[in-house]
Amino acid sequence: MRIEHVRIRNFRCIEDVAVVFEPDMTAFIGSNNAGKSTILRALHWFFNGQPTELDHADRHSGAREHEPIEVEVTFRALTDDDREAFGEDFDLKDTESVTVRRSWTDGEDAMAVRRESVPEFTAIRNLTTLKARREAYAKLREDRPELQLPIAGPEAAVKAAMAAWEAAHPERLRDEYFSVKPLFGFNSRNRFSGLFDYVFVSADLRASEEAANGRKTLLTQLLNRCVDLSEAEIESEAYALEAAAKREEIFRRRAGARMAEIQYAMTEVIAGYLPECEARLDFRCDPPREVRPSVEMFLSEAGGDIPIHLQGHGAQRAALIALVLFLASEVARTGIGGSLVLAIEEPELSQHRSQERVFACRFRQLAADLGSQTQVVLVTHSPNFIDPEQFHQLRRVVSEPAVKGGRRIVGVRSAGAFAVSDQGPLKEHSIRKALGKMNPGELSEALFEKAAVVVEGVTEKAILRGITSRPGQRPFDDDGIAVVIGGSKTGLLAPYALLRALGIPALIVFDTDGARLGGDGVLAAPNGAASGQTLRLLQYFGVPETDFAIGEGAPGLYALEGKLETALDRDWPKWEHTRATVVREGRGASGKDFIAYEIAARECPSDPTGQLAEIVELARKLR
């Protein structure tokens, strides 16, 4: 069983948001306070929370009075064991998916399942007693004779009659919600325990901290899940009974005579009042109440074993994540233990960069394992956890001010192929091919910024970084603007489309390589290949060839006349002299050297003008 779709309403900062989950890995990115962690915490309440954990402060500020908090989860890939756990009431049979909704209204917790039903039957099915359902069905049959409902007496007959009528009238079926007893959480009597588990590792959780309401630590729960103590408990119980019998024999041997003496004396007194009775003393040696042992963790160092709770935050989180990964790998290896959802908030927190990469690799391997029964869900601020080959796994959470009441709206943008392709005539295989040629970290870094400029090569990036680092300027980094290298004109569209699909404003900057408008108004260039690539850019943005202009030809598209060096000579003549000085001083190399270009742009005594200055201004307006 896997999570396929989630809808959250009125939970904290989320008014109403829907998210599609990937069957292997889903990575949430976005700015601080956008609502990423709220999605994971809403699911944590859905699966593991108690009704008393929520209060009115958890309800969205824009919710109406008495409006419920709702978390709805659609599961897919149900197994026979899953269907059995849901129970006969759901009548899932060969159904591959099911939708469950948990709601909280003014302290009242409820769970419901969505399925197709005739609206008239929904109210009957939601009644709590067999008698009430029978009476309601009989009344509906009497009040609505045109339905021609069959006679039904016992509860089973009522269910069968409604099911048969629905099968004969499929046009009357609607999606309806039916109240059910808790399926997940602490009030469900562990109905799905071992079949489906949602493990949430929060960013602020230390291995030693107790969960709410005095429950065991997550580390202890995971260790006890990994180490099966059932057979040890059976053997221990037998030993406890044997020990109790031995204790009784010792007490009788040591104190039996004294007890007999007291018993005799008491009987003489009692006989005066109750002639037919006598006193009797005996030992009561119940087996000692066994406390189930818990597995504890230590880190062994030269100085000895140190309990995990005395270690630093980074070591504690590393231990938690390592144990989570082990549990998931065991489930995948043995096929025992059902499905797992590993929801990790900021797995990079308190970890060294090399450790980040180790964890990221393990998560990717786990998610990519076709035999794995584990879904991985991450909230991350680190490019190390972004797989540039799996952009469809990305979900960018955005928070924007709303018009109504000034409240902000939380939304989720997907980087799926369908979203990217909608940007223009760009096929999924073209996107994958272009992204595969890029530096893996180049685009991943940009996904965490507020805006991006996509350029052809390293020298364009060096010039923009140098210009924005000049005295009196704000570096692009301070404004949250990334500069992404596409590698060529054909490599510009894929990162641009991906950024736009995720809601990140972007600007393509390309040079025309000497292309000019001919006298007939049609783009002409000495280099036919370069001209063709330029035409593809224009087609993507819907710019007719005859309307092509140097500069901002369309929102998101900027044409630099000629080559970069042509623009530098035209708009910034002192730059070349500064670059030559930098090379002569040994601070950069000759040719198209990134370092020399950036230093010269930063130290040139004059400011850039013309198109170079215009590009920087347009980039700042993207935010």
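Residues numbered from 1 in each chain as written. Predicted model: local features only at pLDDT ≥ 70, side-chain atom pairs only at ≥ 80, totals over all residues. Heavy atoms only, no water.

*Asks:* Looking at this model, I keep getting lost on a nonpolar patch on the surface. Mind explaining?
*Replies:* Together, I262, M266 and L281 line one region of the surface with nonpolar side chains, adding up to about 210 Å² of accessible area. Mapped onto the secondary structure, M266 falls in helix α7 (residues 230-271). M266 sits in the partly exposed class, given a relative accessible area of 36%. (Patch = residues over 30% accessible without salt bridge, like charges linked within 9 Å, V, L, I, M, F, W, Y side chains within 5 Å. Areas by Shrake-Rupley, 256 points an atom, 1.4 Å probe, with all protein chains shown as cover. Salt bridge = Lys/Arg side-chain N within 4 Å of Asp/Glu carboxyl O. Helix = DSSP H or I, 4+ residues; strand = E, 2+ residues; numbered from the N terminus. Buried < 20%, exposed > 50% of the residue type's maximum accessible area, 1.4 Å probe, protein only.)

*Asks:* Hey, could you run me through the packing of helix α18 (residues 574-584) against helix α19 (residues 594-603) in this one?
*Replies:* Each pair of packed helices gets described by two things: the angle between the helix axes and the distance between those axes. Packing of α18 against α19 leaves a shortest axis separation of 8 Å and a crossing angle of 125 degrees. Between α18 and α19, the crossing angle belongs to the class labelled oblique. With respect to the hand of their crossing, α18 and α19 are arranged in right-handed fashion. Facing W575, T578, R579, V582 and V583 of α18, the residues of α19 in contact are A596, Y597, I599, A600, A601 and E603. Its residues assigned to classes, the contact of α18 with α19 comprises eight nonpolar, one polar and two charged. (Axes fitted to C-alpha atoms, helices over the stretch in contact; angles between N-to-C directions. Parallel < 35°, antiparallel > 145°, perpendicular 65-115°, else oblique. Left-handed = near helix turned anticlockwise from the far one by under 90°. Contact = heavy atoms within 4.5 Å. Nonpolar A, V, L, I, M, F, W, Y, C, P; charged D, E, K, R; others polar.)

*Asks:* Would you take a moment to explain α18 for this structure?
*Replies:* One turn of an α-helix holds 3.6 residues; hence residues three or four places apart share an orientation. For α18, the set of buried residues is W575, T578, R579, T581 and V582. Relative to the axis of α18, the buried residues are bounded by an arc of 160 degrees and lie together on one face. Facing away from the buried side of α18 by over 90 degrees, the exposed positions are H577 and R584. Of the residues trailing α18, G586 is marked for its positive phi of about 80 degrees. (Arc of directions from axis to C-beta.)

*Asks:* What's the story with the packing of aromatic side chains in this structure? I'm lost.
*Replies:* The geometry of two aromatic rings is summed up by the distance between their centres and the angle between their planes. Enumeration over the complete set of coordinates arrives at 12 aromatic pairs. With 6.1 Å between their ring centres and 65 degrees between their planes, F47 and F75 make a pair best called edge-to-face. Here the residue F47 occupies a position in helix α1 (residues 36-48), and F75 occupies one in strand β4 (residues 69-76), the gap between them amounting to 28 residues. Just as F47 is buried, F75 falls in that class too. Geometrically, the ring pair formed by Y496 and F541 is tilted, given 5.2 Å between the ring centres and 55 degrees between the ring planes. With Y496 in helix α15 (residues 493-501) and F541 in the loop between α16 (528-540) and β20 (551-554), this residue pair connects regions lying 45 residues apart in the sequence. Side by side, Y496 and F541 carry an identical accessibility label, which is buried. (Phe/Tyr/Trp six-rings, centres within 6.5 Å; stacked < 30°, edge-to-face > 60°.)

*Asks:* Is there a simple way to think about the side chain of E72 in this case?
*Replies:* Assignment of secondary structure puts E72 in strand β4. Once residues lying within four places of it in the same chain are set aside, the contact partners of E72 are H5, V6, R7, T99, V100, R101, R114 and Y177.

*Asks:* What is the right way to read the pairing of strand β15 (residues 451-455) from this model?
*Replies:* A regular strand places its side chains on the two faces of the sheet in alternate fashion. Counting buried residues in β15 gives five out of five residues, a clear majority hidden from the surface. Burial along β15 is two-sided: the residues A451, V453 and V455 and A452 and V454 are all buried. Sheet topology note: the β15/strand β16 (residues 481-485) ladder contains five bridges and is parallel. By the bridge assignment, V453 is partnered in β16 with V483. Pairing of β15 with strand β17 (residues 506-511), which is carried by three bridges, proceeds in the parallel orientation. Paired with A452 across the strands is A506, a residue of β17. (Pairing = 2+ DSSP bridges.)

*Asks:* Could you clarify how one ought to interpret the sheet that holds strand β3 (residues 25-29) in this entry?
*Replies:* The strands that make up a sheet are held in pairs by hydrogen bonds between backbone atoms, and each pair lies either parallel or antiparallel. The strand order across the open sheet built from six strands is β8-β11-β12-β3-β13-β14, with neighbouring strands paired in mixed fashion. Either end of the sheet is taken by a strand with one partner, and the two such strands are β8 (196-201) and β14 (408-414). Geometrically, the sheet is characterised by an average inter-axis angle of 15 degrees between neighbouring strands, direction not taken into account. Strand direction decides the pairing type here: β3 and strand β12 (residues 374-379), joined by four bridges, are parallel. When the bridges of β12 are listed, M25 appears paired with V376. In this fold α1 packs onto β3, β8, β11 (339-345), β12, β13 (394-401) and β14, with an angle of close to 140 degrees to the strand it touches most, β8.

*Asks:* Just checking my understanding: could you explain unusual backbone geometry for this structure?
*Replies:* Leaving glycine aside, a negative phi is the common case for residues, and trans is the common case for peptide bonds. The backbone of E346 sits at a positive phi, close to 55 degrees, despite the residue not being glycine. Checked against the element boundaries, E346 lands in the loop between β11 and α9 (353-368). Positive phi is not limited to glycine here, since S350 has a value of about 65 degrees. If you trace the backbone, S350 turns up in the loop between β11 and α9. Judged by relative accessible area, which is 42%, S350 ranks as partly exposed.

*Asks:* Just to check I follow, could you spell out α15 for this structure?
*Replies:* Among the nine residues that make up α15, eight are buried, leaving the element largely enclosed by the rest of the structure. Buried residues of α15: L493, A494, P495, Y496, A497, L498, L499 and A501, and no others. Looking at the residues trailing α15, positive phi occurs at G503, about 80 degrees.

*Asks:* Honestly, the side chain of N384 in this entry has me stumped. Any pointers?
*Replies:* Summarising the element assignment, N384 is placed in the loop between β12 and β13. If we ignore the near neighbours within four places in the chain, the residues touching N384 are R353, E356, R357, A360 and R364.

*Asks:* Could you clarify how one ought to interpret the environment of T99 in this entry?
*Replies:* Counting through the fold element by element, T99 comes out in strand β5 (residues 97-105). On a C-alpha basis, the gap between T99 and Y177 in space is 9.3 Å, while along the polypeptide they are 78 residues apart. If sequence neighbours within four positions are ignored, T99 has contacts with E72, V73, T74, A112, V113 and R114.

*Asks:* What should I look at first to understand the sheet that holds β15 in this one?
*Replies:* Strand order across the open sheet formed by five strands is β16-β15-β17-β21-β20, with mixed pairing between neighbours. Strand pairing shows two members of the sheet lacking a second neighbour, β16 and β20, which therefore form its edges. Taking the axes of each pair of neighbouring strands and ignoring which way they run, one obtains an average angle of 25 degrees across the sheet. Helix-sheet contacts for α15 involve β15, β16 and β17, and the interaxial angle to β17 is about 165 degrees. The strands that helix α20 (residues 610-621) touches are β15, β16, β17, β20 and β21 (557-560); relative to β21, the one it contacts most, it runs at about 165 degrees.

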